[in-house]
Amino acid sequence: MTDVREATDDLLSEKPGVESDLRDVLSVDERADGWTFDDVPLDSGTFGELVSRNIVSKNGNGEYEVTNRSVVRASLNGESPTETGSKESTFEFSLPDVSRETGVALGAALAFLVLMRSYIYPNIFRSDGGVLLSSNDPYYYRYWVDQLAVEATGIFDLSVLSGLPGAVAKGEPLTVAVLWWWTNLLGGADASGAVLAWYPVVSGVIVGCLVYVLATKVSDDRRIGIASVLLLATIPGFAYKTGLGFADHHAFDYPWLALTALALVLISDVSETDLREPKTWVGAVLLGIAVAGQVLSWEAGPLLIGALGFYVAVRTLADVRADRSALLQSAPILGGLAVASVLTHLAHTGFGWHTDVVAYSPALLLGGVLGVSLVAEAIRRAGMPPAVLGVTEVAGVLVGVVALQTFLPAYGARLTDRLGYLVGKTGPAETQSLMKGALGFLLGPPLELGFAWFVALPIVVWGLVYGYQNRHSGWLVVTTYAAYFLTLSLFQRRFSGELSPFLAICAGVGFVWFAAKMEMVETPGFLRDAGGRPDQEANRVSLPSLATLDRGTVAPLLVLFLLVSSVGVVQTGVKHEQVGIRGEKYHAAQSIDSYAEERGLEYPENYVLSKWGRNRVYNYFVNGESRSYRYAEQNYRTFLASKKPQKQYQKLNKRVGFVITKNLNLRRAPDKKMMFVRLHKRLGAGGSGSGRALAHYRAIFVSDDKSIKAFALVPGANVTGQAQAGETVTLSKRVKIDGATFTYERTVSVNKDGTYSVTVPYPGTYTVGDNTVKVPESAVQNGGNVSVGA
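Definitions and limits used
Along each chain, residues carry numbers from 1 onward, in the same order as the chain's sequence is written. In keeping with the predicted nature of the model, local features appear solely for residues at pLDDT of at least 70, side-chain atom pairs appear and are counted solely at 80 or more, and the whole-chain, interface and lining totals rest on all residues. Side-chain measures here rest on the full set of heavy atoms in the structure, leaving out hydrogens and waters. The helix and strand labels rest on DSSP assignments: H or I over at least four residues marks a helix, E over at least two residues marks a strand, and numbering proceeds from the N terminus. Any residue under 20% of the maximum accessible area for its type is buried, any over 50% is exposed, and the rest in between are partly exposed; the area is computed with a 1.4 Å probe on protein chains only. Note on contacts: a residue pair is in contact if any heavy atoms of the two residues lie within 4.5 Å. The accessible surface values rely on the Shrake-Rupley method and a 1.4 Å probe; as for residues, cover is taken only from the protein chains in view. DSSP bridges decide pairing: two strands pair if at least two such bridges lie between them. Here, axes are lines fitted to C-alpha atoms. For helices the fit covers the stretch in contact, and angles between N-to-C directions go from 0 to 180 degrees. Only protein atoms enter the 1 Å grid used here. Points where a 1.4 Å probe fits but cannot escape make up a cavity, open sets with protein on both sides within 12 Å along at least five of seven lines make up a pocket, and a residue lines them when an atom lies within 4 Å of a point. Grid points are joined across faces, edges and corners, and a volume is the space filled by probe spheres set on the points. In this count, Pro and Cys sit with the nonpolar residues alongside Ala, Val, Leu, Ile, Met, Phe, Trp and Tyr, while Asp, Glu, Lys and Arg are called charged and the others, Gly among them, polar. For our purposes a nonpolar core is just a set of buried Ala, Val, Leu, Ile, Met, Phe, Trp, Tyr and Cys residues, chained together by side-chain atoms within 4.5 Å. Think of a salt bridge as a Lys or Arg side-chain nitrogen and an Asp or Glu carboxyl oxygen that are within 4 Å of each other. A helix is expected to span 1.5 Å for every residue after the first. Working definition: rings of Phe, Tyr and Trp (its six-membered ring) pair if their centres are within 6.5 Å, and the pair is stacked with planes under 30 degrees apart, edge-to-face with planes over 60 apart, and tilted otherwise. The rule is short: NZ of Lys or CZ of Arg within 6 Å of the ring centre and within 35 degrees of the ring normal puts a charge over the ring. Patches here: salt-bridge-free residues with over 30% relative accessible area, like charges joined within 9 Å, nonpolar side chains (Val, Leu, Ile, Met, Phe, Trp, Tyr) joined within 5 Å.

Colleague: Just to check I follow, could you spell out the overall build of the chain for this structure?
Modeller: When helices and strands are counted, the chain shows 33 helices and 13 strands. Sorting the 790 residues of the chain into buried and exposed places 55% on the buried side. In the chain, once contacts between residues fewer than 6 apart in sequence are set aside, the share between residues at least 24 apart is 70%. When the accessible surface of the chain is totalled, it reaches about 33300 Å², and 57% of it is carbon and sulfur.

Structure representation (structure tokens):
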């Protein structure tokens, strides 16, 4: 409609101040299929002018609508005119427009986000060319990526995808597959370290971009989008999980989650006309791809897409309250879930990915969304209150659980078991509650989420109420997702990462709102509207021009940001330190590897027994076998507490080649006969008060700070000789290893027949009374015999 474009251009040219009013009207029109004068924040004069110029007109129901949204939006954004035959008949899928100032600000925010994740570069990329990933589990993914990279003939060898080992195929198949593909593209197994190190940072940047778009879409305020990205950068629970080197599955989950939420916002508040337009169904397909990606990335993906179900449950209540068709509003979501169901079914049957519990969770969610939408539609048409629907939804969940257990008992049992494992498991720090401790509310969340927690929490509550009362789907998406993952975090803090993007948006709103209260910036338009004063300036507030920024504007905002982000920045550094692998561990692994290579030891002869939380690290660098830490988890503590070194050696020598000990914070002094004391405190060399020296444990490495020590399990050389019956014989040797020099000393009683025998773990020359004896390396490695004086 050329006349609508001309009328809009003329109006904006004549009265530039009306732009904000027109954007308000456009925003209302996008959320409602028909509206009245009371629904828009305009005075009667401005509204009458819009009607007189045919920019706004009445529809068939006697309500108002923007005559052509795309044309009006194009005029507002300064885009080229587009001929259209009817309202919104063109294919249009708009994202927030980005000006030069916004681009610079967003770029700076993303650069800050990258900095908070990558300043630990020297700890990850070692000077010797090695890549030292953070934490323990990333070496599980590195192992499988290495294996697939060796097996594949190229990046198009998709047979690898259908041949994934069971542990991967039923765990995180899409995560491993994508990491393998990029590794092969960038050079094969040799590139796996760099790919896995950088992928979490790339994921963080992607989520940052999605958070900006989502926050701007919901608030219609670029400042909130920028603030959300900046605060996301400083949320510790998200920062370290998308930090350089932390190549766990978490970083791969977050972009799918943010994309799912954005897709929901893009296809929210549809009308019958919207359902006939391609852009709606493009958004539905995007939702389907995001949900399928979420499910295929992690075996607990069904738990994450549960947030979508919670959003639909709340939104249908708002639909009934606003007398809107819940079934109509759910149509694109149902289409998206149908796409996701097909994709996960094809991956399940074609590649063997995931169990049926996981693969068909989108189909189960599809049935649930359809059911609640039909019930909501029936309740609306019957004129019943929303409370009836709320009771029905709760009852429906209970009936659904019973139905699964009754008609699909195997499926229901597996689903219950997996949910119980994920939500009820205790042990590692990430499985503990976000609120653990007497002062959990005050101390727990800030340590994981920073001060953004206190800024965002009131906005989450406000946003739920605002979104429900005003039937604002965008705010319902953000706040229901925040509420859902906050609830999961109360069971296990590992879900604080999933909570972070939505908490950051709410914190961004709180930050800008507080800055406005302090008269540093203008109040966001939607907050003014919510306060009942729509006659002030408009929703869409541009960032200040870079040329107009001065110390009086920037300094107070910077101080406020530093105040809000301070705890998050500090805790991010603490988290990076906690999950990082210290150089001493890397050097210990290198020393063990050199020792094993010199002696031709192969797996399991070179298996490293250590505390389970770092077991994959050691074994990856020594033998490449970092699939599991189960053996270490089951045996290491028992080994350290044992007082029977010979029995432990007999138990371990067929399965273990090396043992790592480390400093422990013990509540009370340990028994001096324990293996921990005899190895870690005395290096197995014996000495005053620590018992006899050990026969089968050979110290090979001590870190510079003495916190990490490594020992090889060896048969030992059997030294024999003759002496006066009833006397004692002492063998001693000065031992020099990587990081320490000490004296190894064994004292043995002479038998009645005048002979003695003692086993020693070190080669070299020993002093035996007035004699010496030379013990060869071969005797130590093979349990050979050496005679004194032979």
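Colleague: Which parts of the structure should I look at to understand the sheet that holds strand β6 (residues 708-713)?
Modeller: What holds strands together in a sheet is hydrogen bonding between their backbones, with the strands either parallel or antiparallel. Taken in spatial order, the 4 strands line up as β3-β4-β6-β5 in an open sheet, and their pairing is mixed. Bordering the open sheet on either side are β3 (608-609) and β5 (697-702), each of which pairs with just one other strand. Bridge count between strand β4 (residues 658-662) and β6: 5 bridges; the pairing is antiparallel. Considered in β6, the bridge of Thr661 is made with Lys709. In the packing of helix α28 (residues 583-598) onto the sheet, the strands contacted are β3, β4, β5 and β6, and the crossing angle to β5 comes to about 130°.

Colleague: Please clarify how the sheet that holds strand β10 (residues 755-760) should be interpreted in this entry.
Modeller: Spatially, β10-β7-β13 is the arrangement adopted by the 3 strands of the open sheet, whose pairing is mixed. Two strands lie at the open edges of the sheet, namely β10 and β13 (785-787), each paired on one side alone. Sheet twist, expressed as the mean angle between neighbouring strand axes with direction ignored, is 25°. Examined bridge by bridge, strand β7 (residues 717-722) and β10 share 6 bridges and lie antiparallel to one another. Paired with Ala717 across the two strands is Val760, which belongs to β10.

Colleague: Looking at this structure, how should I read empty space enclosed by the protein?
Modeller: Summary: where empty space remains is shown by rolling a probe the size of a single water molecule over the atoms. Within this structure, the stated rule accounts for 2 cavities of 30 Å³ or more. Approximately 40 Å³ is the volume attributed to the largest cavity. Along its surface, the largest cavity is lined by Lys585, Ser610, Lys611, Arg614, Tyr618, Tyr636, Ile660 and Lys662. Classifying every residue of the lining of the largest cavity by side-chain character gives 3 nonpolar, 1 polar and 4 charged.

Colleague: Is there a simple way to explain the packing of helix α15 (residues 278-297) against helix α16 (residues 301-321) in this structure?
Modeller: When two helices pack together, their arrangement is given by the angle between their axes and by how far apart the axes lie. It is at 8 Å that the axes of α15 and α16 come closest, and there the two elements cross at 145°. The segment α15 lies against α16, with Leu287, Val291, Gln294 and Val295 engaging Gly301, Leu304, Ile305 and Leu308. Its residues placed into classes, the contact of α15 with α16 shows 6 nonpolar, 2 polar and no charged.

Colleague: Honestly, the nonpolar core in this entry has me stumped. Any pointers?
Modeller: Here is a general trend for soluble globular proteins: nonpolar side chains tend to be buried in one another's company. One finds Trp353, Leu609, Phe639, Phe742 and Tyr744 to be the most contacted residues of the largest nonpolar core, which totals 106 residues. Top contributing element to this core by residue count: helix α7 (residues 138-151), with 8 residues. Apart from the residues lying within four places of it in its own chain, the contact partners of Trp353 are Leu161, Leu164, Ala169, Pro173, Leu174, Ala177, Leu296, Ala347 and His348. Counting 97 residues, the second largest nonpolar core, distinct from the first, contains Ala292, Val295, Tyr481 and Ile505.

Colleague: Whenever I open this one, the side chain of Ser610 confuses me. Can you help?
Modeller: Here Ser610 lies in the loop between β3 and α29 (615-622). Excluding residues that lie within four positions of it along the chain, Ser610 makes contacts with Asn615, Tyr618, Ala632, Tyr636 and Ile660.

Colleague: How should I be thinking about the pattern of salt bridges in this particular structure?
Modeller: Any two side chains of opposite charge can pair, given that their charged atoms come close. The final tally for this structure, using the stated rule, is 22 salt bridges. Residue Asp274 is joined to Arg69 by a salt bridge in which the shortest nitrogen-to-oxygen separation is 3.6 Å. One end of the pair, Asp274, is in the loop between α14 (250-266) and α15; the other, Arg69, is in helix α4 (residues 69-77), with 205 residues separating them in the sequence. An identical accessibility class is assigned to Asp274 and Arg69; each is buried. Where Asp671 meets Lys643, a salt bridge forms, and the shortest distance between an N and an O atom there is 2.9 Å. Of this pair, Asp671 sits in the loop between β4 and α32 (675-681) while Lys643 sits in the loop between α30 (630-641) and α31 (645-652); the two residues are 28 residues apart in sequence, bridging distant segments of the chain. For Asp671, a relative accessible area of 32% translates into the label partly exposed. Connected through shared salt-bridge partners, Asp269, Arg315, Asp319, Arg324 and Arg471 make up one network.

Colleague: Even after reading the chapter, I still don't get α28, so can you show me in this structure?
Modeller: Every α-helix winds through 3.6 residues per turn, so residues three or four apart in the chain are directed the same way. Taking 1.5 Å per residue as the helical rise, α28 with its 16 residues ought to reach 22 Å, and the 23 Å between its terminal C-alpha atoms agrees with that figure. Buried residues of α28: Gly583, Lys585, Tyr586, Ala588, Ala589, Ser591, Ile592, Tyr595 and Ala596, and no others. Structurally, α28 contributes buried residues whose contacts are with β3, α29, β4, β5, β6 and α33 (777-782). Backbone geometry just after α28 places Gly600 at a positive phi near 65°.

Colleague: Would you take a moment to explain the packing of aromatic side chains for this structure?
Modeller: Note on aromatic pairs: each is described by the distance of the centres and the angle between the planes. In the structure shown here, the tally under the stated rule is 32 aromatic pairs. Note on Tyr586 and Phe621: the rings are 5.3 Å apart at their centroids and 75° apart in plane angle, and the pair reads as edge-to-face. On the criterion of sequence distance, the pair formed by Tyr586 in helix α28 and Phe621 in helix α29 is long-range, its members being 35 residues apart. By the burial criterion, Tyr586 is buried, and Phe621 matches it. Its end group placed over the ring of Tyr595, Arg599 keeps NZ or CZ at 3.7 Å from the ring centre.

Colleague: What am I meant to see in a nonpolar patch on the surface here?
Modeller: A contiguous nonpolar patch, built from Tyr121, Trp198, Val202 and Ile206 and spanning about 360 Å² of accessible area, is present on the exposed surface. Per-element accounting of the nonpolar patch gives the leading share, 3 residues, to helix α11 (residues 192-219). Within the secondary structure layout, Trp198 lies in helix α11. Judged by its relative accessible area of 32%, Trp198 is partly exposed.

Bear in mind that shape data such as this cannot, by itself, settle questions of function.
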